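Listed below are the residues making up each chain.
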Amino acid sequence: MDQASLISLSGADLLQEEHVVLQGVELEARASEFIYLIGRTGSGKSSLLKTLYGELPLTSGTGSVCGVDLRKLKQKKVHLLRRKLGIVFQDFELLTDRTAEDNLQFVLKVTDWKDAGKREHRIAEVLQAVSLENKGYKRPYELSGGERQRLSIARALLNSPELILADEPTGNLDPETAEGILELLHNLAREGRCVLMATHNHGILERHPGRVMRCASGKLEELTSYSSVQ
């Protein structure tokens, strides 16, 4: 197994409620890569992401994420894996009764940032990184859809993850706002992070190039050209 890989799956069968949804998965992903995960609804994209962040157990083959052996991962230790990851969801999953800054404070406190000054400094850094430095006092419902997604990306960046998993992060956004989110995610890959993004929007693949992995017919396959995308 390549020690430089942030994701390494080999011969992995991925299960959802005892049903095999992807069989014999082979996937290697390294720093500075941007990887699209495409496929129809129900093809296994979400199951793959859930396996990578520990929501679904890996019971066959081999697999590691950020140095964590998925076969040996116990449920009570899943939080230790997730501290190494940044996870971005389509529906944001923000705390609506707290300000943007308080949403970020919550994450830092539960991941053992004891020093209040260091927490405030890190929050300022990630808000600036996503161009929300003047919106920290607002609650999520006072932000636009694009700003809420930027806040969720800021949350994902708090613990400086090497790997970001994004599940349809532009699915609920208008095209112009989606372009801004894609550019932000691609910049993170250029800065050295690995980004794995599930998407239904095949139109973005040529405008924002990256590796393309497709879930289809119970398999995960890498496409060598965008003309293969159906």
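Counting from 1, residues in each chain are numbered in the order their sequence is written. Totals for whole chains, interfaces and linings use every residue, but because this is a predicted model, local features are given only for residues with pLDDT of at least 70 and side-chain atom pairs only at 80 or more, for both listing and counting. Excluded from the side-chain calculations are hydrogens and water; all other atoms, namely the structure's heavy atoms, are used.

(A) Geometry of the environment of Val126. The helix and strand labels rest on DSSP assignments: H or I over at least four residues marks a helix, E over at least two residues marks a strand, and numbering proceeds from the N terminus. Within the secondary structure, Val126 is located in helix 4 (residues 116-129). For Val126 and Ala154, which are 28 residues apart along the polypeptide, the C-alpha to C-alpha distance reads 5.2 Å. Setting aside anything within four residues of it in sequence, one finds Val126 in contact with Leu104, Ala154, Leu157 and Leu158. The contact criterion used throughout is that any non-hydrogen atoms of two residues lie within 4.5 Å.

(B) Focus on the side chain of Ser60. Tracing the chain through its elements places Ser60 in the loop between helix 1 (45-52) and strand 4 (62-65). Definition of a polar contact: a pair of N or O atoms within 3.5 Å, with one able to donate and the other able to accept a hydrogen when the atoms are protein atoms, and with sequence-neighbouring residues admitted only if both atoms are side-chain atoms. For Ser60, the side chain forms a polar contact with the main-chain nitrogen of Asp13, separated by 2.9 Å. If we ignore the near neighbours within four places in the chain, the residues touching Ser60 are Gly11, Ala12, Asp13 and Arg71.

(C) Local environment of the sheet that holds strand 2 (residues 19-30). Here we have four strands laid out as an open sheet, ordered 2-1-4-5, and antiparallel in their pairing. The open sheet terminates on both sides in strands that have one partner only, identified here as strand 2 and strand 5 (68-69). DSSP-based pairing: two strands are paired if at least 2 bridges between them are found. By the bridge criterion, four bridges tie strand 1 (residues 5-16) to strand 4 in an arrangement that is antiparallel. From the neighbouring strand, Leu9 faces strand 4, where its bridge partner is Gly63.

(D) Just the nonpolar core, in detail. Grouping buried Ala, Val, Leu, Ile, Met, Phe, Trp, Tyr and Cys residues that are joined through side-chain atoms within 4.5 Å yields what is termed a nonpolar core. For every residue, the accessible area (1.4 Å probe, protein chains only) is compared with the maximum for its type, and the residue is labelled buried under 20%, exposed over 50%, or partly exposed between those bounds. By size, the foremost hydrophobic cluster in this structure holds 38 residues, and its most contacted members are Tyr36, Leu151, Ile153 and Met197. Broken down by secondary-structure element, the contributors of at least two residues to this core are strand 3 (34-38), helix 3 (100-110), helix 4, helix 5 (145-157), strand 7 (163-167), helix 6 (175-190), strand 8 (194-198) and helix 7 (204-207). Ranked by the residues each element gives to this core, the list is headed by helix 6, at seven residues. Setting aside chain neighbours within four positions, we find Tyr36 in contact with Leu182, His186, Met197, Thr199, Ile204, Leu205, His208, Pro209, Gly210, Arg211, Val212 and Met213. Leu9, Ile35, Cys66 and Leu220 belong to the second largest nonpolar core, which has 32 residues in total.

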